[in-house]
Each structure stands twice: as C-alpha cells, then as structure tokens.
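Overview (structure and organization)
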Amino acid sequence: MDKQEATAIIRRHHSWLSTTPADFQDRLLAACDLLTFEAGSSCFRAGDDSGATFGVVEGRTELHIALQGNDPTLGYICGPGYWSAAAIGQRRRLSMIAGPTGCRVLRLSRAEMFRITQHDPAAWRYFAELLAQNLVNALNVIDALKRSDPIERLAVTFCNLLESLSVTQGVVNASQTDLGSLTQLGRSSVNAALSELENRGLIRRGYASIEIPSVSALRQFISRA
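The sections below set out a description of the structure shown in this document. (Residues numbered from 1 in each chain as written. Predicted model: local features only at pLDDT ≥ 70, side-chain atom pairs only at ≥ 80, totals over all residues. Heavy atoms only, no water.)

Things to note about the layout of surface pockets
Its volume calculated, the largest pocket comes out at about 780 Å³. What lines the largest pocket is a set of 30 residues, and nearest its centre among them are Leu 63, Arg 93, Leu 94, Asn 134 and Ala 138. Those elements giving two or more residues to the lining of the largest pocket turn out to be strand E3 (52-65), strand E4 (74-78), helix H4 (123-145) and helix H6 (176-183). Looking at the lining of the largest pocket element by element, the count peaks at 8 residues for H4. Here the residues of the lining of the largest pocket are counted per class, giving 18 nonpolar, 9 polar and 3 charged. Looking at the second largest pocket, its volume works out to about 390 Å³. Forming the walls of the second largest pocket are 20 residues, and the residues nearest its centre are Arg 60, Ile 77, Cys 78, Gly 79 and Asn 173. (1 Å grid on protein atoms, 1.4 Å probe; cavity = no way out; pocket = protein on both sides within 12 Å on 5 of 7 lines; lining within 4 Å. Points joined across faces, edges and corners; volume = space filled by probe spheres on them. Helix = DSSP H or I, 4+ residues; strand = E, 2+ residues; numbered from the N terminus. Nonpolar A, V, L, I, M, F, W, Y, C, P; charged D, E, K, R; others polar.)

Written out as structure tokens, the structure reads:
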C-alpha cells in the first residue's frame, strides 16, 4: 500500500476527518507520513511526547493504560478511521499498540500541524474537535465501567467501540480475553453476559469477533436497562 491508497482509504471512513472541510483534509493528508507496524509493536508509548496525531488506515490498534502490576491494560480497540489526538506539551497517558495482524497508520507530526495552523489559524478548531472527541470516548469508557450489571456493561462497551464508525451494524474484533480487559470482568462473567446478549438476538458470536446485527437495537436495550 502506498500513501495515495492510504489517504483514499481513510477518506472513505466516517470519522473526525470526514467532518472537516475538504481543503483542511487535503493539507493534513498531504503532510502525513505512512507508517507500518508489526503485531505487538508500539505506535507510541505512555510517557512519549504527544506532538503527533495518528490516523488508523488498516488493521487494529489497541490503546493500553500504563498500570503497575499484572492488571490488564487494554482500554480501547481502534479500527480504521480512528484518529488519536495530540495534546501539545503533555506526555502521553496511553500506549497505542499494533493489533494481532499489525497496522498501517498516517502520522501528522507536530511541525506539520503547526504549518497547517499557520496557513489557516481556524484549523486549530478542527484539532480541538478531535481532542474533544477523544475525551468523549474516554468518558464513554468510564460510563461503561460504572455499570454494575455485566450484561449492560458489555453492551455499552460494544456501542462505544462502534461509535466512531456511525454504522447500523458492525463487527467488534475482540476475544473474550480482550473483552474481559475492556470491561474489567472475569472470563465467566463475560461468557455469561455474551450468552444473554446472544439469546436476546443482540449479538452473534464468532471466532474472536462479535457481530452486532443492529446497533440501534443494542442502544435501545441499554436505554431500557
């Protein structure tokens, strides 16, 4: 895959970038580097300087929380179209790790970000909107973890993972181990919650994946819970 193919792919996804003006998209994508990461390698790590913005083109990336001890660290799974904001002047609090099949990402450096905003000061607004979207994602994760019912917690987690895709149906590529880390639930609790959601027709289980036939139906279930 070359950069031209990568930019064409990421433009097709409904994401933060698709909500910005076309001229801003053109300048941003022209200034990005295309990077490839093997499975398990780091796009960036907690503690790194945060002066770059990353957009996922292909594959799965994982956001991990820096914790001490043996607690699971997986906090969020990102698919193509996801953009990770850069909070200039602060160290990163999360690590972005390439998923099981590796990933390709577009990276916008701090220097290129400044060039874009010098050309058009209004561009800061679009970067601020991305930062706000990332904050909303974090609050949604907190909302899911505050749910005491495992079934409801898992359902909210699925909706959160599909939120940025703006789809009527979708697939969450995650194993039961992944889901346990995302929800802070034990394996037996995850399995029981999955069985209940499947019995209600809200999900279909596959190998290391969960199909959501109707995202709206899953959201209605959450609203009634």
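As for the pairing of E3
When you tally the buried positions in E3, you get 11 out of 14 residues, the bulk of the element. Here E3 pairs with strand E5 (residues 83-84) via 2 bridges, running antiparallel. Residue pairing in the sheet places Gly 55 in a bridge with Trp 83 of E5. Judged from the 4 bridges that link them, E3 and E4 form a sheet pairing that is antiparallel. Within the sheet, the bridge partner assigned to His 64 lies in E4 and is Leu 74. (Buried < 20%, exposed > 50% of the residue type's maximum accessible area, 1.4 Å probe, protein only. Pairing = 2+ DSSP bridges.)

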